[in-house]
Amino acid sequence: MYNNNRAGRFGPRQQEKTRRDMDKAFVKGLRLIEALALSDEPRGVTDLAAELGLTKSNVHRLLATLIAQGYVRQVPPQSRYALTTRIWELGSHVIRRMDLTQIARPAMSRLAEQTGETVHLSVLDGSDVVYLDKIESAHHIRAHTSVGARAPAYTVATGKAMLAQMPDDYLDRFEGQMVRYTDTTRTTLAELREDIRLAREQGYAVVPEGEWREGIAACACAILNRSGELAGAIGMSGPDSRIKRKQLRDIAPQVLEAAHAISAALGYMPRG
């Protein structure tokens, strides 16, 4: 018989242990954020303390921490408090990513059928790419990526395609941080800038020999949103024993077509 507790994983004992292990200050902070988010107007310390069952000094400390981190602002002239747009910004990133995976799926499926190789969807997160979705190749020997995993943006095709959409000074963050993972990894800013220049010129990025993982060839193109801003990238990858430089050039138009289809579905319209 199926056990809803999954061998006690979510049973009463585990739930009680979870309650004991919770960071009480963190939980109080989350409750405070929720109270402010659900309020139609700024709130005072006394009011918040009464609603949450906390002391006024405790609420003061929590508010000071949230102000320092940019989540709360003080509203003059009274000592009242309200959330900033920081929570909305974080939430909108999550929503955009959720929408992107759904919108990108049809184009990803077409590209996987056309190429027979692994297709993945990535977003740029600081200096890394994060894999949001993928469709595995049917080949026994294929490129392996995991949804939710990260890779250094300077080493992978989707990363280079997205970096090509960023301002030139965005690349400065890699200065002195470029680690060698394979014999072909770019380890200088000058080499990376040349790769980005080529990606901008071509409209897509290629990694003919694995720079993050050995033996992987890849081609990727950036995805733009309604405002023409970077939304992510779609890429195709497979073993370089099967995908040579000529195959990458032949596949590039299909990757471009997939990226353009996703961008159009997001509302992007090229100018001119």
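Higher on the page you've got the structure.
Report follows, based on the coordinates. Because the structure is predicted, anything quoted here is derived from the model rather than measured. (Residues numbered from 1 in each chain as written. Predicted model: local features only at pLDDT ≥ 70, side-chain atom pairs only at ≥ 80, totals over all residues. Heavy atoms only, no water.)

**Comments concerning the sheet that holds strand E5 (residues 128–135)**
Logical step 1: A sheet is described by the order of its strands in space; here 6 strands give the open sequence E6-E5-E4-E9-E8-E7, paired in antiparallel fashion. Only two strands of the sheet have a single partner each, and these edge strands are strand E6 (150–152) and strand E7 (205–207). Pairwise comparison of adjacent strand axes, ignoring direction, gives a mean angle of 30° for this sheet.
Logical step 2: On the sheet, helix H8 (residues 245–265) packs against E7, strand E8 (216–224) and strand E9 (230–239) and is oriented at approximately 30° with respect to E8. (Pairing = 2+ DSSP bridges. Helix = DSSP H or I, 4+ residues; strand = E, 2+ residues; numbered from the N terminus. Axes fitted to C-alpha atoms, helices over the stretch in contact; angles between N-to-C directions. Contact = heavy atoms within 4.5 Å.)

**Here's the deal with the packing of aromatic side chains**
Logical step 1: Scanning the model with the defined rule gives 2 aromatic pairs in all.
Logical step 2: Arranged with centres 4.6 Å apart and planes meeting at 75°, the rings of Tyr 181 and Trp 212 form a pair that is edge-to-face. Within this pair, whereas Tyr 181 is found in the loop between helix H6 (157–163) and helix H7 (189–202), its partner Trp 212 is found in the loop between E7 and E8, the two being separated by 31 residues in sequence.
Logical step 3: When the ring centre of Trp 212 is taken as origin, the NZ or CZ atom of Arg 213, which lies over that ring, is 4.1 Å away. (Phe/Tyr/Trp six-rings, centres within 6.5 Å; stacked < 30°, edge-to-face > 60°. Lys NZ or Arg CZ within 6 Å of the ring centre and 35° of its normal.)

**Section: the pattern of salt bridges**
Logical step 1: Throughout the structure, instances matching the rule amount to 15 salt bridges.
Logical step 2: One salt bridge connects Arg 242 with Glu 117, and the closest N-O pair in it is separated by 2.8 Å. Residue Arg 242 is located in the loop between E9 and H8, and its partner Glu 117 is located in the loop between helix H5 (86–115) and strand E4 (118–125); the two are separated by 125 residues in the primary sequence.
Logical step 3: Given the relative accessible area of 5%, Glu 117 is considered buried.
Logical step 4: With a shortest N-O distance of 2.7 Å, Arg 200 and Asp 168 are connected by a salt bridge. Placement of Arg 200 in helix H7 and of Asp 168 in the loop between H6 and H7 is noted, with a sequence separation of 32 residues between them. (Salt bridge = Lys/Arg side-chain N within 4 Å of Asp/Glu carboxyl O. Buried < 20%, exposed > 50% of the residue type's maximum accessible area, 1.4 Å probe, protein only.)

**A few points about the packing of helix H3 (residues 45–52) against helix H4 (residues 56–68)**
Logical step 1: At their nearest, the axes of H3 and H4 sit 9 Å apart, and the two run at 110° to each other. With respect to H4, the axis of H3 lies roughly perpendicular. Residues Val 45, Thr 46, Leu 48 and Ala 49 of H3 pack against Lys 56, Val 59, His 60 and Leu 63 of H4. (Parallel < 35°, antiparallel > 145°, perpendicular 65-115°, else oblique.)

**Quick word on helix H2 (residues 24–37)**
Logical step 1: In this model H2 runs 20 Å from its N-terminal to its C-terminal C-alpha over 14 residues, within 8% of the 20 Å that 1.5 Å per residue would give.
Logical step 2: Every buried residue of H2 is accounted for by Gly 29, Leu 32, Ile 33, Ala 35 and Leu 36. Relative to the axis of H2, the buried residues are bounded by an arc of 160° and lie together on one face. (Expected span 1.5 Å × (residues − 1). Arc of directions from axis to C-beta.)

**With respect to the layout of surface pockets**
Logical step 1: Reported here for the second largest pocket is a volume of approximately 360 Å³.
Logical step 2: Every residue lining the second largest pocket is counted, 17 residues in all, and those nearest its centre are Leu 198, Val 206, Val 207, Pro 208 and Arg 245.
Logical step 3: Elements that contribute at least two residues to the lining of the second largest pocket include exactly H7, E7 and H8.
Logical step 4: Here the lining of the second largest pocket takes 4 residues from H7, the largest share from any one element.
Logical step 5: In terms of residue class, the lining of the second largest pocket is made up of 8 nonpolar, 2 polar and 7 charged. (1 Å grid on protein atoms, 1.4 Å probe; cavity = no way out; pocket = protein on both sides within 12 Å on 5 of 7 lines; lining within 4 Å. Points joined across faces, edges and corners; volume = space filled by probe spheres on them. Nonpolar A, V, L, I, M, F, W, Y, C, P; charged D, E, K, R; others polar.)

**Details of the environment of Ile 223**
Logical step 1: Assignment of secondary structure puts Ile 223 in strand E8.
Logical step 2: Relative accessible area serves as the criterion here: at 0%, Ile 223 is assigned to the buried category.
Logical step 3: Sequence-wise, Ile 223 and Ala 264 are 41 residues apart; in three dimensions their C-alpha atoms are separated by 9.1 Å.
Logical step 4: With sequence-adjacent residues up to four places away left out, Ile 223 is seen in contact with Leu 100, Leu 121, Glu 229, Leu 230, Ala 231, Gly 232, Ala 233, Ile 234, Ala 259, Ile 262, Ser 263 and Leu 266.

**Some details on the sheet that holds strand E3 (residues 80–83)**
Logical step 1: In spatial order, the strands read E1-E3-E2; together these 3 strands make up an open sheet with antiparallel pairing. At either margin of the open sheet sits one strand with a lone partner, and together these are strand E1 (43–44) and strand E2 (72–75).
Logical step 2: Across 4 bridges, the pairing between E2 and E3 is antiparallel. For Val 75, the partnering residue across the bridge sits in E3 and is Arg 80.
Logical step 3: Packed onto the sheet, H2 meets E1, E2 and E3 and runs at close to 90° relative to E3.

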